[in-house]
Amino acid sequence: MSASGHPDRSGGAIAADRVIVPATLDEALSVRAAGACRPIAGGTDLVVRNRRGADVPVALDAPPLFIGMLPELRRIDTAGTIGSAVTLAELERSPLCPAPFKPVLPEFASPAVRTLATIGGNICNASPAADLLPPLHAHDAVLEIASSAGRRQVPIADFVTGPGTTTLRSNELLVAVHIGAAGTDPARTDPDYVFYRKVAARRSNALSKLSIYVAAWTGAGRLTRIAIALGAVAPTVIRLPVVESALTQGAAGPGESAAPIGVDATALVNRAPVAIDAYASVVRPIDDQRSSAIYRRDTVLRLLRFVLTDDLPRHLRTQSREDQ
Amino acid sequence: MIISFTLNGKPVSLDLDPMARLLDVLRREFGLTSVKEGCGEGECGACSILLDGQLANSCLILMGAVTGRSVDTLESIRESGIGRIVTDAIVETGGVQCGFCTPGFVVAGAALLKENPAPTDEEIAQGFSGNLCRCTGYRQIFEAMRVATDRLTEGEREGSS
Amino acid sequence: MIRHNGGMRMGSIASSIRRVDGDEKTEGRTRYLADQPLPGVLTARFVTADRAPALLGSIETPDLPTDYSLITAGDIPGLNGVHMIDESWPLFADRDIEYVGQPLAMLVGPDPAVVSQILDLIRIEYLPAPEREIVTMDDAMATDDPDLFIEYELSFNRDEREWPDPFLGSPDSPVSATTSANLEIAEAFETGAQEHVYLETQAMQAECEHDQAKDGTRTIQTLTISGSMQCPYYVKTALSFVTALPDEAIRVVQTTTGGGFGGKEEFPSVLACAVAVGAIVTGRPVRMVLDRDEDVRISTKRHPSRIAFRSILDDDGRWTDTKIDVALDAGAYLGLSNVVLQRALFGATGAYRPGRASVRARTYRTTVVPYGAFRGFGAPQAVFASEMHMTHLAAARGEDPLAFRRRHLLRQDDHTLTGGLLRDAVKLEEMIDLAVEISDYHTRRREYGAAVGAASLPGTAPLRGIGVSVFSHGCGFTGSGEQDVIKARVGLRRHADGSVDILIANVEMGQGALTTLRKVVARTLDIPIERVSYHVPDTAEVPDSGPTVASRTAMVVGGLLHRAALRLVDLPAPTAADPPQEIVEHYVQPDFVRWNQETFEGDAYPAFSWGVNIIEVEVDPLTYQLRPTGVWAVYDVGEPLDERIVIGQMHGGIVQALGWATSEVLEVQEGRFLQHNLTDYVIPGSRDIPPIDVRFVSNPYELGPFGAKGAGELPFNGPAAALAGAVEQALGVPVYRIPLTPEYLAGLLPEVSS
């Protein structure tokens, strides 16, 4: 251990010829294939983690590969594909911003940080408190990973494996995120109900203590599909598709030959306790300098209970009245 | 590495360490000391600048990412119409005390008004959500933005920029 | 009665003018220390301990390049001790390491990047200190070891109006009860540490000018220290101990200071002494600007407190007896902790008149960064506890918190806890009436509150509450500190053209002194403010007018400047042939002040400022996050010297106190702060601020300039208890500590925790 508790570093600024600013994605991928390097887009996590004080250049553990301005990584299209180097401010301003991000982006850090932070950086940094991961999980985002050998598509749930860890190989780059229509189901529509709460130490610019993102698809007072993602209460985002299905699976009543599609408000409220127990058994937050495990756990479950037994049923009942 | 970018409206080209922070380069190489270090971690906004016209924290930007982009600091923003209105309004309402956070607030305030000439109270608070002040309690700064908004509207009616 | 001539022309001094330093600050032209280029300056960084308690074995460095040096205790020419009250805080620990973050040495060199690299390679060898273990506040309180605390006691028997013997025996003896209709209430409150978060971190620089004798020996002609500070002469005194240089060889110059709040009262002396030794050893200028993370980890903070009450209410609901136990965590060295303890002691019974009171106050030595001066200086801790106690006493009687307070308010001609006399009008009744009116308190109080059983099944509507506090702040230094310790002198210099220079050592740190003090002199002399200049506090040029602390700048220093200016009024201006006229005005303690520093008997402060806060809050029943939604604040600061500037001080103090009461969590684990950067140490931001309505009640203080009293610290004292009272109403449960984090609040409600 060195003076002042800083972890050991090899020291020395990175020589200019070891800093790579590729002109194209192909060039970047060749560099990735050739050896150790650290991709950097917005840098908002990497710079903070590796800063060394005033007038001291930032030192990463491998030569930096600047990918933030690569045009191939900066597109947003109408099919719900977002380039990994698209900044959060660009996403927020874009008319093509997918609906799941709309409640989340204004709560992400600050306007100045959003100018720099990228969707790819937030995903690859894989913090348990990452703000974008819950909506990405809830909407079955698929990640497009490229290497000089080709491309592969990885569902987000398979990509982020733990705090700060992903299945990105050392010769790969995350190039795009597919959310919504270009994901697995081309007929997917935007949810008509979204509940998002980020609980942090203050309203301005703060790291999440816990978050909950619920998207629901309803019609005629019945819930047909629901996606629930809990953030910062486990090493990775919690998503339980089996529990979600159980909540919405129609059940044939006595004398009915076929199950109706979805469930009404009453059925949802009846099924909620079993679902909440299932989440309770997998929620395992930690005590840290921001919050306590017990508060994170209790609060996320209280919010979930509120959604399933109060807010969403009310939405269904209102809808069902309006339909009459 | 030779890094070329536009600084306060003028093209510059300098041999710089690409891993140097933009904050340090602006202060040391260019003497632009309105840009300050309050935390080094993107929390306080004292280092606020405009990157391609958008509010950003210069303590988080590495020079290797600045090539071909434009950077504006308070030294040029204060000469613009909006910049003058914002600085004047902040002094008038008492929204400046020790002054260390103030350049960041002026840059953020000017950026907000450029994009949204008639912000609501909530939008003003959002616009400043990355700027910390410990002296004023923020209220007089918000008041300055209301004064600035009024002046901007008057100015537009009178045809000034 | 001091009267001012010419004031009628311009109206009240409170009329706001354009702040004199505002334009340069908004335009970014102001240069703080780190903004000032200095060719050849060496960057300095501390080598700090990351283990304590321990013994320092050795510090191993790699081979140092030319121009890079490690400065250690062995390089100190004079005393290895930073003078504050005493010199027990070493500059560089050379054997005993008392806290994590303690400076052991300092590395200096020309290239910050190389300094950083070398620091990473430095190895500290610790020797075990087998008989020493980490001491927390709990440990220190449990052992009752007199080596670990300083203790004061105070008793007062109001009914007898004389100095009684302590009547309540030992702290643990039961409070006597007279009839069974009396209520006895015992409870304890806690407040947490707080970091100042001045936006400009600690910054100091040293430069040496040498004389060369004919034989080639060099002596130091002048050592100049410049930097961010509140008290240039405190720094000068500390430097004379450490450098052993004669007085005339030490010069201290304040640079524009980006926030202080007390955090730049005593701590800058540590940096100043370090860079001074560096400049002396290397012969080069040396500059240290702390990185924020380091600043939070190693600088002084507000003292955490635990304050316990045992009180009796008689069957008329009068607060007849109280026994109070005050405990402050001092950290590893004395610093200013005994004086902080005094202010907490004197404020223990708040703005009220209990029949009899007995207070014991201790500050404990623990294994952590020493705690130090922070706006309020012990009073906020005492006010929080006493105000919460008042609210709970009221609740025990089923009375409205304001109604209960009104029956116990101090009044003019009453005696304070120390037996001092409140000579001046006390306008608390009028201030409470005004606060109630502007906030519509009674309507809201009736309407809010947790519905019975609400906590068992939270709905969606926020829980609402409204709370109150009534408080004071003693203006200026305690007791005879001004007379016996500070002995302030101010200077005015008038030129032939009629322009006047203010010569004082008090600094502008955002509070507006540059503007308000110039206003005082300008109005007294009836000249435009542009003809009055305020020389940068430079000890080579200005007399010691005392530190910029204790809410004394406007009242005491401003008062001296006013008196000095009055003397100039009666003198003819110098002609072009004459040298400029110089007037020095000395502080004279008002003859009504009686104070015994041994027994703490008499007038602890010559004047008090007063405040009333009403705060409304919403609590989210799902997350227990709270949101203040309205603050109404009424203050008596005598007369504000500039309304806009003083309102700014009030807003700032309120928001800083709301942060202390809500989000500013600072926890110590194994002697280390768990929150040490601005990501984890959370101060209020722009989206966290309620509307704030500030009003002033005029109550001119005879000896203050234009009636002004102290204003800087007062606004910090009130909000925490008013907010907590509001939260109590919202949740229907009592609270006992701040910060009121959602984690704490959720834990108070049994139905909520799993």
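Residues numbered from 1 in each chain as written. Chains lettered and ligands numbered in written order. Predicted model: local features only at pLDDT ≥ 70, side-chain atom pairs only at ≥ 80, totals over all residues.

1. Here we look at the overall build of chain B
- Across its full length, chain B holds 6 helices and 5 strands.
- Written out in order from the N terminus, the α and β elements of chain B read β-β-α-β-β-β-α-α-α-α-α.
- Relative to a compact globule of 161 residues, whose C-alpha radius of gyration would be 15 Å, chain B shows 16 Å and is just as compact.
- If one aligns the C-alpha atoms of chain B with their principal axes, the spans along those axes are about 45 × 35 × 25 Å.
- Here chain B holds 161 residues, and the buried ones make up 66% of them.
- Pairs at least 24 apart in sequence give 64% of the contacts found in chain B among residues at least 6 apart. (Helix = DSSP H or I, 4+ residues; strand = E, 2+ residues; numbered from the N terminus. Rg over C-alpha atoms; globule rule 2.2 N^0.38 Å. Buried ≥ 20, exposed ≤ 12 C-beta atoms within 10 Å, placed from the backbone. Contact = placed C-beta atoms within 7 Å.)

2. Things to note about the sheet that holds strand E18 (residues 500–503) of chain C
Residue and element names in this part refer to chain C.
- Taken in spatial order, the 4 strands make up an open sheet running E19-E18-E17-E20, and their pairing is mixed. Sheet topology places strand E19 (532–534) and strand E20 (581–586) at the edges, where each strand pairs with a single neighbour. Strand-to-strand twist of the sheet, defined as the mean angle between neighbouring strand axes without regard to direction, takes the value 20 degrees.
- Across 6 bridges, the pairing between strand E17 (residues 489–494) and E20 is antiparallel. Looking at the pairing, Arg494 lines up with Gln581 of E20.
- Packing against the sheet, helix H15 (residues 553–569) makes contact with E17, E18 and E20, and its axis sits at approximately 40 degrees to E17. (Pairing = 2+ DSSP bridges. Axes fitted to C-alpha atoms, helices over the stretch in contact; angles between N-to-C directions.)

3. Digging into the domain arrangement of chain B
Residue and element names in this part refer to chain B.
- If you check the domain split of chain B, you get domain 1 (2–73) and domain 2 (78–156).
- Here the C-alpha centre of domain 2 lies 22 Å away from the C-alpha centre of domain 1.
- Between domain 1 and domain 2, the residue contacts involve 13 residues of the former and 10 residues of the latter.
- Considering every element that reaches the side of domain 1 that touches domain 2, the biggest residue donor is strand E3 (residues 48–51), with 3 residues.
- Counted by class, the side of domain 1 that touches domain 2 contains 7 nonpolar, 4 polar and 2 charged residues. (Domains from an automatic or database assignment. Nonpolar A, V, L, I, M, F, W, Y, C, P; charged D, E, K, R; others polar.)

4. Description of the domain arrangement of chain A
All names here are of chain A.
- Along its sequence, chain A is organised into domain 1 (14–182) and domain 2 (193–323).
- Look at where the C-alpha atoms of domain 1 and domain 2 centre, and you get two points 28 Å apart.
- Contact residues are listed per partner, giving 20 residues for domain 1 and 17 residues for domain 2.
- Elements that contribute at least two residues to the side of domain 1 that touches domain 2 include exactly helix H6 (133–138) and strand E6 (160–162).
- Tallying contributions element by element places H6 first for the side of domain 1 that touches domain 2, with 5 residues.
- Split into classes, the residues belonging to the side of domain 1 that touches domain 2 amount to 13 nonpolar, 5 polar and 2 charged.

5. Quick notes on the pairing of strand E15 (residues 356–365) of chain C
All names here are of chain C.
- By the criterion of burial, E15 is predominantly enclosed, with 10 of the 10 residues buried.
- A two-sided burial pattern is seen for E15, the buried positions comprising Arg356, Ser358, Arg360, Arg362 and Tyr364 on one face and Ala357, Val359, Ala361, Thr363 and Arg365 on the other.
- Note that strand E7 (residues 149–157) and E15 share 9 bridges and pair antiparallel. Note on E15: the bridge partner recorded for Glu151 is Arg362.
- For strand E14 (residues 319–331) and E15, the ladder comprises 10 bridges, and the chain directions are parallel. Note on E15: the bridge partner recorded for Lys323 is Ser358.
- Following the chain from E14 across helix H8 (residues 337–346) to the adjacent parallel E15, one finds a crossover that is right-handed. (Right-handed = clockwise from strand over helix to strand, strands pointing away.)

6. Some points on the interface of chain B and chain A
- Of the residues lining the interface, 30 residues belong to chain B; the matching set on chain A comes to 28 residues.
- Breaking the side of chain B that touches chain A down by element, the ones donating at least two residues are helix H1 (22–28), E3, strand E4 (54–57) and helix H5 (121–127) of chain B.
- Among the elements that line the side of chain B that touches chain A, the one with the most residues is E4 of chain B, at 4 residues.

7. Looking at the nonpolar core
- Grouped together as the largest cluster of nonpolar side chains are 389 residues, with contacts concentrated most on Cys273, Val275, Ala276, Val326, Val521 and Leu561 of chain C.
- In this view, Val326 of chain C contacts Ile307, Ala344, Leu345, Ala348, Val359, Ala361 and Ala382 of chain C; residues no more than four positions away in its chain are not counted. (Core = buried A, V, L, I, M, F, W, Y, C linked by C-beta atoms within 7 Å.)

8. Some words on the sheet that holds strand E5 (residues 150–155) of chain A
Residues and elements named next belong to chain A.
- In spatial order, the strands read E3-E8-E4-E5; together these 4 strands make up an open sheet with antiparallel pairing. Strands at the two margins of the open sheet, each flanked by one partner only, are strand E3 (81–83) and E5. Sheet twist, expressed as the average angle between the axes of neighbouring strands with direction ignored, equals 30 degrees.
- Relative to strand E8 (residues 173–178), strand E4 (residues 142–147) is paired through 5 bridges, and the arrangement is antiparallel. In the sheet register, Ala146 faces E8, and the bridge partner there is Leu173.

9. Here's the deal with helix H5 (residues 232–243) of chain C
All names here are of chain C.
- A rise of 1.5 Å per residue sets the reference length of H5, with its 12 residues, at 16 Å; its end C-alpha atoms lie 16 Å apart and thus fit the reference within 8%.
- Within the sequence span of H5, burial applies to Pro232, Tyr234, Val235, Lys236, Ala238, Leu239, Val242 and Thr243.
- Taken together, the buried residues of H5 touch strand E10 (218–227), strand E11 (250–254) and helix H6 (268–282).
- One or two residues past the end of H5 sits Ala244, with phi positive at roughly 60 degrees. (Expected span 1.5 Å × (residues − 1).)

10. So, the packing of helix H8 (residues 241–248) of chain A against helix H9 (residues 265–282) of chain A
Residues and elements named next belong to chain A.
- Where H8 meets H9, the axes come as close as 9 Å, and the angle between the chain directions of the two elements is 165 degrees. By the angle between their directions, the pair H8 and H9 is classed as roughly antiparallel. The two elements H8 and H9 meet at a crossing, and its hand is right-handed. Contact residues: Val243, Ala246 and Leu247 in H8; Leu268, Arg271, Ala275 and Ala278 in H9. (Parallel < 35°, antiparallel > 145°, perpendicular 65-115°, else oblique. Left-handed = near helix turned anticlockwise from the far one by under 90°.)

11. A look at the pairing of strand E2 (residues 54–60) of chain C
All names here are of chain C.
- Here E2 runs beside strand E4 (residues 96–97); their pairing, made up of 2 bridges, is antiparallel. Its bridge partner being in E4, Leu55 is matched across the sheet by Asp96.
- Bridging between E2 and strand E6 (residues 123–127) involves 5 bridges; their strand directions are antiparallel. Within E6, the position partnered with Ser58 by the bridge is Glu125.

12. Things to note about unusual backbone geometry
All names here are of chain C.
- Going from Ala52 to Pro53, the amide bond is cis rather than trans, its omega being -5 degrees.
- Note on placement: Pro53 falls in the loop between strand E1 (42–48) and E2.
- Residue Pro739 follows Ile738 across a cis peptide bond; omega there is 5 degrees.
- Here Pro739 lies in the loop between helix H18 (719–731) and helix H19 (742–748).
- Even without being glycine, Asp440 reaches a positive phi, approximately 55 degrees.
- Its place among the elements puts Asp440 in the loop between helix H11 (428–439) and helix H12 (441–447).
- On the basis of neighbour counts, which here come to 15 C-beta atoms within 10 Å, the residue Asp440 falls in the partly exposed class.
- Despite not being glycine, Tyr624 has its phi angle at roughly 60 degrees, a positive value.

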